[in-house]
Amino acid sequence: MKISKKFLATFSAVFVSAGVFASTGDFAFDTTQFTESIDKYNATVSKIDDGLGDFAQQLANAVPQAATQQNVWADAYIGKLFPSAVPHLGGGFNMGVTHIDTSGLASVAEIFEIKNIKDSYYFPVFTADLRIGGVLFPFDVDIAVMKTGTLSTDAFGCDLDVDFFTIGADFRYALMEEGVIMPCISAGIGYFYNQGSFGAGNDDAELAIDYKVHTMYLQAQVSKNLLIFTPFLGLRGIVSKYNNEYSWAVKNEAATVIANSGLADIKTSGYGSYTSNAFDFNAVQPQLYAGVGINFLVMQATLSISADLRNIWDDGLWSGSFSLRAKL
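The rules behind each value
- Residues numbered from 1 in each chain as written.
- Predicted model: local features only at pLDDT ≥ 70, side-chain atom pairs only at ≥ 80, totals over all residues.
- Heavy atoms only, no water.
- Core = buried A, V, L, I, M, F, W, Y, C linked by side-chain atoms within 4.5 Å.
- Buried < 20%, exposed > 50% of the residue type's maximum accessible area, 1.4 Å probe, protein only.
- Helix = DSSP H or I, 4+ residues; strand = E, 2+ residues; numbered from the N terminus.
- Phe/Tyr/Trp six-rings, centres within 6.5 Å; stacked < 30°, edge-to-face > 60°.
- Polar contact = N/O pair within 3.5 Å; in protein donor to acceptor, adjacent residues only side chain to side chain.
- Contact = heavy atoms within 4.5 Å.
- Salt bridge = Lys/Arg side-chain N within 4 Å of Asp/Glu carboxyl O.
- Pairing = 2+ DSSP bridges.
- Lys, Arg positive; Asp, Glu negative; His and termini not counted.

1. Quick notes on the nonpolar core
In terms of nonpolar packing, the biggest core is built from 38 residues, with Phe112 and Phe198 touching the most fellow members. Where this core is concerned, the elements lending two or more residues are helix H2 (32-68), helix H3 (103-111), strand S2 (120-133), strand S5 (161-176), strand S6 (184-201), strand S7 (205-223) and strand S8 (229-250). The element that contributes the greatest number of residues to this core is H2, accounting for 11 residues. Within the second largest apolar cluster, five residues are counted, among which are Ala67, Ala144, Phe192 and Tyr217.

2. Some thoughts on the packing of aromatic side chains
Considering all chains together, one arrives at 11 aromatic pairs under this definition. Summarising the aromatic geometry, the rings of Phe55 and Phe198 are spaced 5.5 Å apart at their centres and angled 85 degrees between planes, so their arrangement reads as edge-to-face. Residue Phe55 is found in helix H2, and its partner Phe198 is found in strand S6; the two are separated by 143 residues along the sequence. Phe198 carries the same exposure label as Phe55, and that label is buried. Both rings, one in Phe198 and one in Tyr211, keep their centres 6.1 Å apart while their planes meet at 45 degrees; by these two values the pair is tilted. Here Phe198 is found in strand S6, whereas its partner Tyr211 is found in strand S7, with 13 residues between them in sequence. For the pair formed by Phe198 and Tyr211, the shared burial category is buried.

3. What to know about the environment of Asp101
Positionally, Asp101 belongs in strand S1 (residues 89-101). Here Ser103 takes part through its side chain, which lies 2.8 Å from a polar atom of the side chain of Asp101.

4. Comments concerning the side chain of Thr102
Structurally, Thr102 can be placed in the loop between S1 and H3. Given a relative accessible area of 0%, Thr102 falls into the buried group. Here Ser120 takes part through its backbone nitrogen, which lies 3.1 Å from a polar atom of the side chain of Thr102. Residues contacting Thr102, with those up to four places away along its chain left out, are Phe55, Lys118, Asp119, Ser120 and Tyr121.

5. Focus on the pattern of salt bridges
Going through the model one piece at a time under the given rule, you end up with eight salt bridges. The closest approach of N and O atoms between Asp75 and Lys327, which form a salt bridge, is 3.6 Å. Here Lys327 lies in strand S12 (residues 318-327) and Asp75 lies in the loop between H2 and S1, a separation of 252 residues in the sequence. Look at Asp75 and you get buried, because its relative accessible area is 6%. A salt bridge links Arg131 to Asp170, with the nearest nitrogen and oxygen atoms 3.1 Å apart.

6. Here we look at the pairing of S8
As paired strands, S7 and S8 are joined by 17 bridges and run antiparallel to one another. Each residue of the ladder has a partner; that of Val213, found in S8, is Tyr242. Hairpin connection between S7 and S8: a loop of five residues separates the two successive antiparallel strands, and Leu227 in this loop has a positive phi of roughly 55 degrees. In this structure, S8 lies alongside strand S10 (residues 285-296), joined through 10 bridges in antiparallel fashion.

7. What about the side chain of Asp308?
Relative to the elements of secondary structure, Asp308 occurs in strand S11 (residues 299-308). Within the buried set, Asp308 has no salt-bridge partner at all; the shortest N-O distance to an opposite charge, 6.1 Å, is to Arg310. For Asp308, the side chain forms a polar contact with the main-chain nitrogen of Asn311, separated by 3.0 Å. Residues within four places of Asp308 in sequence aside, it is in contact with Gln65, Gln285, Pro286 and Leu317.

8. Considerations on the environment of Ala56
Among the secondary structure elements, Ala56 is positioned in helix H2. Judged by relative accessible area, which is 0%, Ala56 ranks as buried. Sequence separation between Ala56 and Asn243 is 187 residues, and the spatial gap between their C-alpha atoms is 8.9 Å. Once you skip the residues sitting within four places of it in the chain, Ala56 turns out to touch Asn244, Tyr246 and Tyr274.

9. Describing the pairing of S2
Pairing analysis gives 13 bridges linking S1 to S2, with the strands arranged antiparallel. Across the sheet, residue Ile100 finds its bridge partner in S2, namely Tyr121. From the end of S2 to the start of strand S3 (residues 139-147), which pair antiparallel, there are five residues, and Leu136 there has a positive phi angle of about 70 degrees.

10. A word on unusual backbone geometry
Cis peptide bonds are those with omega within 30 degrees of zero, and the linkage from Phe82 to Pro83 qualifies with -5 degrees. The backbone of Glu113 sits at a positive phi, close to 55 degrees, despite the residue not being glycine. Summarising the element assignment, Glu113 is placed in the loop between H3 and S2. Residue Asn116 is not a glycine yet carries a positive backbone phi of 60 degrees. Along the chain, the position of Asn116 falls in the loop between H3 and S2. With relative accessibility at 38%, the residue Asn116 sits in the partly exposed group.

Just geometry here; none of it tells us what the structure is for.
In structure tokens form, the structure reads like this:
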């Protein structure tokens, strides 16, 4: 961290000067307390970097999970737009939550006495989407998008301010169209881009995490209409590239919490990142999802849940969503 090194260089120069002056024999100067202060400062900064770096890494996994769960349709394939007696299209709104491990962020918040940051968090996501059936060939296309202002997330378990932008699309091809007995099976490919930020602070310090995540995925889905219900099951393989950056700043040098953390009398700050400059095809996130659509006339409500099979056991990475759409 550039700022930390600048501070340490300046601080060290003072200690070296003091040691040289003491070596003249005019008087003895004990530098033990200063060495202990440097060690305490370095340990605190290391803990801050580890905690925020861990959360930036968690976002690299959780944001793709949250995004791909936003344009889930119960029907594995909605039918051709043309030729068709009834046009096959629809659209509506989606909302969901993704469970994220925020223990790294919570450990940093504790240093600065930023309240109500817990070890896990339910990240809310909202989108609007539109799906259109294909022409002649059995495929359909969906686009989903949403932009928010700054939102408070007290109701979701953490006192964080968040904002986000998401846009994505997918293309699905019907491997088998639904029959009287047989289900519908489709395979598809999709892409999402997400960017946003998390912020927390008090009178003495502030934390910020900005993320930019590109996600590509392949998926397969099966569904079957049974009276008013459409149960479905699917599997995705997700790869991402990301640039998730974090920063922190001490605003009040007189704060006792800062003094207790080894940052006394210093207005200091730091930053770092967790970055992938390319899609890592050796780190595929397998995602299993399932749910049910409930149909009433031209309306369909969809409930679904998904789990990241690689990160569900250690980090508890899963999502749930609800969609309400009109479709023909």
